[in-house]
Amino acid sequence: MTDRTDCEALDRADPLASLRDQFALPEGLIYLDGNSLGVLPRSTAARVATAVEAEWGRDLIRSWNTAGWIDLPLQVGDAIGTLVGARPGELLAADSTSVNLYKVLSCALRLVAASEPGGIRRTVLSERTNFPTDLYIADTLCRELGFRLELVDDPAQIPGRLGVDTAVLMLTQVHYRTGALHDMAALSTAAHAAGALTVWDLAHSAGALPVDLHRDGADFAVGCGYKYLNGGPGAPAFVWARPDHLARLDALDIRQPLAGWIGHAAPFAFTADYRAAPGIRRFQCGTPPVLSMTALAEGVRTLQAAAPLGGMAALREKSLALTGLFLALVDARCGAFGVGTVTPREAAARGSQVSLTVPDGAYAVVQALIERGVIGDFRAGGATPGDPDLMRFGFTPLYTRFVDVWDAVEHLRTVLADGLWRAPRFQARATVT
Ligand SMILES: *Cc1c(COP(=O)(O)O)cnc(C)c1O
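Residues numbered from 1 in each chain as written. Predicted model: local features only at pLDDT ≥ 70, side-chain atom pairs only at ≥ 80, totals over all residues. Heavy atoms only, no water.

Asks: Would you explain helix H12 (residues 362–371) in this entry?
Replies: Along an α-helix, residues three or four positions apart point the same way, because every turn accommodates 3.6 residues. H12 sits mainly inside the fold: 8 of its 10 residues count as buried. Among the residues of H12, those classed as buried are Ala-362, Tyr-363, Ala-364, Val-365, Val-366, Gln-367, Ala-368 and Leu-369. In this structure, the buried residues of H12 make contact with strand E11 (374–375), strand E12 (377–379), strand E13 (390–394) and helix H13 (402–417). Taken from the residues just after H12, Gly-373 is the one with a positive phi, measuring 90°. (Buried < 20%, exposed > 50% of the residue type's maximum accessible area, 1.4 Å probe, protein only. Helix = DSSP H or I, 4+ residues; strand = E, 2+ residues; numbered from the N terminus. Contact = heavy atoms within 4.5 Å.)

Asks: Would you take a moment to explain the sheet that holds strand E9 (residues 340–341) for this structure?
Replies: Strand order in the open sheet formed by 4 strands is E9-E10-E13-E12, and the pairing between neighbours is antiparallel. A single partner strand is all that each edge strand has here, and the edge strands are E9 and E12. Two strands pair when backbone bridges link them, and strand E10 (residues 353–357) and E13 are joined in this way by 4 bridges, in the antiparallel orientation. Looking at the pairing, Gln-353 lines up with Gly-394 of E13. (Pairing = 2+ DSSP bridges.)

Asks: Sorry if this is basic, but what is going on with the packing of helix H1 (residues 4–12) against H13 here?
Replies: For any two helices packed against each other, one specifies the inter-axial angle together with the distance between the axes. The contact between H1 and H13 brings their axes to 7 Å, and the two run at 155°. Taken together, H1 and H13 sit at an angle that is classed as roughly antiparallel. Side by side, H1 and H13 meet where Arg-4, Cys-7, Glu-8, Leu-10 and Asp-11 of the first sit next to Phe-402, Val-403, Trp-406 and Asp-407 of the second. Split into classes, the residues belonging to the contact of H1 with H13 amount to 5 nonpolar, no polar and 4 charged. (Axes fitted to C-alpha atoms, helices over the stretch in contact; angles between N-to-C directions. Parallel < 35°, antiparallel > 145°, perpendicular 65-115°, else oblique. Nonpolar A, V, L, I, M, F, W, Y, C, P; charged D, E, K, R; others polar.)

Asks: Please clarify how the environment of Tyr-399 should be interpreted in this entry.
Replies: With respect to the helices and strands, Tyr-399 occurs in the loop between E13 and H13. Overall, the relative accessible area of 2% leaves Tyr-399 in the buried class. With 378 residues separating them in the primary sequence, Tyr-399 and Asp-21 have C-alpha atoms 7.9 Å apart. Apart from residues lying up to four places away in sequence, Tyr-399 is in contact with Arg-20, Phe-23, Leu-25, Tyr-31, Gly-34, Gly-38, Val-39, Asn-230 and Asp-404.

Asks: Which parts of the structure should I look at to understand helix H10 (residues 290–304)?
Replies: Here H10 is 15 residues long and its end C-alpha atoms lie 21 Å apart, about the 21 Å a rise of 1.5 Å per residue gives. By the criterion of burial, H10 is predominantly enclosed, with 11 of the 15 residues buried. Structurally, H10 contributes buried residues whose contacts are with helix H2 (42–58), helix H3 (63–66), helix H4 (72–84), strand E2 (91–94) and helix H11 (311–334). (Expected span 1.5 Å × (residues − 1).)

Asks: Whenever I open this one, the site of the ligand confuses me. Can you help?
Replies: Surrounding the ligand, one finds Ser-96, Thr-97, Ser-98, Phe-131, Thr-133, Asp-134, Thr-172, Asp-201, Ala-203, His-204, Tyr-226 and Lys-227. His-204 is positioned with one of its side-chain polar atoms (N or O) 2.8 Å from an oxygen atom of the ligand. Between an oxygen atom of the ligand and a side-chain N or O atom of Tyr-226, the distance comes to 2.9 Å. Surface burial for the ligand is 87%, taken as the share of its 390 Å² of free accessible area covered by protein chains. (Near = heavy atom within 4 Å. Polar contact = N/O pair within 3.5 Å; in protein donor to acceptor, adjacent residues only side chain to side chain. Areas by Shrake-Rupley, 256 points an atom, 1.4 Å probe, with all protein chains shown as cover.)

Asks: What exactly am I supposed to notice about the pattern of salt bridges here?
Replies: Pairing between side chains becomes possible if they bear opposite charge and their charged atoms approach one another. Per the stated rule, a full pass over the model turns up 26 salt bridges. Notably, a salt bridge pairs Glu-371 with Arg-425, separated by 2.7 Å at the nearest N-O pair. Placement of the pair is Glu-371 in helix H12 and Arg-425 in the segment after H13, with a sequence separation of 54 residues. Given a relative accessible area of 49%, Glu-371 falls into the partly exposed group. Counted as one network, the salt bridges with shared partners bring together Arg-148, Glu-150, Arg-161 and Asp-165. (Salt bridge = Lys/Arg side-chain N within 4 Å of Asp/Glu carboxyl O.)

Asks: Help me out: how do you make sense of unusual backbone geometry in this one?
Replies: Trans is the common state for peptide bonds, and a negative phi is the common state for residues other than glycine. If you check the backbone angles, Asp-253 has positive phi at about 55° while not being a glycine. With respect to the helices, strands and loops of the structure, Asp-253 is situated in the loop between helix H9 (243–252) and H10. A relative accessible area of 65% means that Asp-253 is categorised as exposed. The phi angle at Phe-270 is positive, at roughly 50°, despite the residue not being glycine. Following the sequence through the fold, Phe-270 ends up in the loop between H9 and H10.

As structure tokens, this is what we get:
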């Protein structure tokens, strides 16, 4: 049986323990929400202050060249690329995940339509419980371009559902509610065998586990900068496309749908006609948000610092140890209070979060935990039948300790055992949950 002393020993033996020093974590706080907003890196405030005071304040517009502002989207993109199996120059930091998804899904659908003049492939296949913005964007594009969005209730139905009518399989690699991890290689292979393209959303996988876009057969990918990449609230997202698809877009004269001047081959030629920049750069639309991009660069640096210690593979090993410990301790110490989990117990089938259910009061339990210094979050159920209210706990291996797991479970046990969550102040729902 594990106790707190065992957890302290795990922390002492943890080869990644020093990575936590990169973060400005408030004293005494157990932060289990890095899957929603990563922690502020210590270096970010000073780096952003330099960008504000010296680069903007003193050097002004010269900084586009002298401080390399204009190169940031590709530079930060290359750094993110090392985490997800993209090659240099293939990945771009830009816009939001939603906007990037709109751009790549539009390209994927137009590529399929161009190769299918008969118009048989007219379906975008996804999960009904996929993150809503992904579904809204897909539905909007389907309406615009004459496709249909088809949603499966159970991911096990995906391989059987792929067929001659499937244009694109669009999935989020790690499910935002359950933490379930898709097998990207197997599903991409199945999609390609059916003649479909794949679009992968890495919002909950980039920086959380090793991703290899080339090896695992992704065609297009997008992901989020403010979760496991620690880029700060509203950080730029990222976008990737397999290079041969970009060549096909060129050959077929298909534009990304938000063709703007920064994605032009020669923005400062100021020509009246649009000509797409070569490669991924075309997925830029307008001027990049330099201050946010600067903060994102610092966030991604905290992950690159793990490279000499084993990189994403080592981070994954620790992440699974943390989530495995949390599951085991919750079973052993909170099981009597009816706590359940919707997260796969098989390590290979989950991401870096664990989502729990309670018979009653999931929102209030999360609020009571937050008051005690344990930050997780709440995701309301009910959007689809049989879908419970969830308490989500993210375990970012860069800064989460094994004692944090122990202490979080002890707080949860106390909140449940003593019914602390029933206090009226924990019942009122805030706008952001
Ligand atoms: C967090 C998340 C997003 C966020 O999209 P924004 O455009 O940044 O608001 C999109 N998709 C998934 C799957 C997410 O988890």
